[in-house]
Amino acid sequence: VKLKEEEIDNLKKTEEKNKKIIDYQRGIIAFGIIALLIIAALLLVQFRQKNIITGQKNELAALNDNKNRFFSIIAHDLKSPFNSILGLLELLVEKDKTMSQEEFDKHLSTLEKTANSTFTLLQNLLNWARSQMQNLPLNFERLSIKEIILEQCRFLNQQASGKGIYIDTKEVTNSFIWADKQMTA
């Protein structure tokens with residue numbers, strides 16, 4: 001009987017040890033699962049941040065391309081008018097005795113027109129750039145195509161005449177369009 005009691009006590013002790021081991025193992029498994037969930041959550045956050053950064057990088061690249069295109073357009077559109085202005089200024093500065101006051105006044109008038117046209121062009125380019133960057137709303141109105149063409153030709157005639165080119169606007173007929181005036185200049 002005593003042997004059986006010792007055996008029962010040993011079995012109870014073994015059972016208690018096994019319960020402690022099982023509880024310990026359950027704690028380690030729970031800790032492992034929690035650690036895996038935390039790691040998965042961190043990886044998910046990192047993946048999302050990487051996607052956000054990639055999107056921002058692409059957006060920045062597109063904005064940079066727009067900026068470069070804008071500067072290229074401005075440089076191209078302003079180079080010729082400024083060359084005309086500089087040429088006329090050089091001519092007026094180097095005025096010699098062979099240039100009459102009438103010729104001088106004519107060149108000075110041309111210089112003023114060219115400077116005003118160039119300033120208008122610069123304003124239009126800057127308005128265009130602002131509209132591209134800020135997504136400004138379009139203001140549609142009825143516009144005369146003839147007036148738009150004649151206005152552009154007044155600007156271009158000064159450049160063209162310096163190159164011996166004549167722009168004929170006699171055949172321009174009047175038609176109308178719906179457009180934003182800021183986008184036609």
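Residues numbered from 1 in each chain as written. Predicted model: local features only at pLDDT ≥ 70, side-chain atom pairs only at ≥ 80, totals over all residues. Heavy atoms only, no water.

**A look at helix 1 (residues 2-93)**
So the rule is basically this: Here a helix means four or more residues in a row that DSSP labels H or I, a strand means two or more in a row labelled E, and each is numbered from the N terminus. Each residue after the first adds 1.5 Å to the expected span of a helix. Across the chain, bend at a residue is computed as the angle between axes fitted to the seven residues ending at that point and the seven starting from it. When accessible area is computed with a 1.4 Å probe and restricted to protein chains, residues below 20% of their type maximum are described as buried, those above 50% as exposed, and intermediate ones as partly exposed.
In this model, helix 1 (92 residues) spans 130 Å end to end at C-alpha, consistent with the 136 Å of a helix rising 1.5 Å per residue. At lysine 79, helix 1 is bent by approximately 35°, the largest bend along its length, and proline proline 81 sits one to four residues beyond. Those residues of helix 1 not exposed but buried are Phe70, Ile74, Leu78, Pro81, Ile85, Leu88 and Leu92.

**Digging into the nonpolar core**
Note the following rule: Take the buried residues of types Ala, Val, Leu, Ile, Met, Phe, Trp, Tyr and Cys, join any two whose side-chain atoms come within 4.5 Å, and each joined set is a nonpolar core. Contacts between residues were defined by any pair of non-hydrogen atoms, one from each residue, lying within 4.5 Å.
Core analysis: the biggest nonpolar cluster contains seven residues, these being Phe70, Ile74, Leu78, Leu121, Leu125, Ala129 and Phe155. Of all the elements in the fold, those that place two or more residues in this core are helix 1 and helix 2 (101-134). Ignoring sequence-local partners within four residues, the contact set of leucine 125 consists of Phe70, Ile73, Ile74, Asp77 and Leu78. Among the nonpolar cores identified, the runner-up in size contains six residues, and Ile85, Met99, Phe104 and Leu111 belong to it.

**A short note on the confidence of the model for the protein chain**
Any region with low pLDDT has predicted coordinates that should not be read closely. Let me state the cut-off plainly: On a scale of 0 to 100, pLDDT captures the predictor's confidence in every residue.
Of the residues in the protein chain, 95% have a pLDDT of 70 or more, and the chain-wide mean is 86. Mean pLDDT per element in the protein chain: helix 4 (residues 181-184) is the minimum at 73, and helix 1 is the maximum at 91.

**Describing the environment of lysine 146**
Relative to the assigned elements, lysine 146 resides in helix 3 (residues 145-162). Spatially, the C-alpha atom of lysine 146 lies 49 Å from that of isoleucine 52, the residues being 94 residues apart in sequence. Discounting residues that sit within four places of it in the chain, lysine 146 has contacts with Val172, Thr173, Asn174 and Ser175.

**Re the environment of leucine 86**
For leucine 86, the location among the structural elements is in helix 1. Overall, the relative accessible area of 52% leaves leucine 86 in the exposed class. Once the C-alpha coordinates of leucine 86 and glutamate 16 are considered, the two residues, 70 residues apart in sequence, prove to be 101 Å apart.

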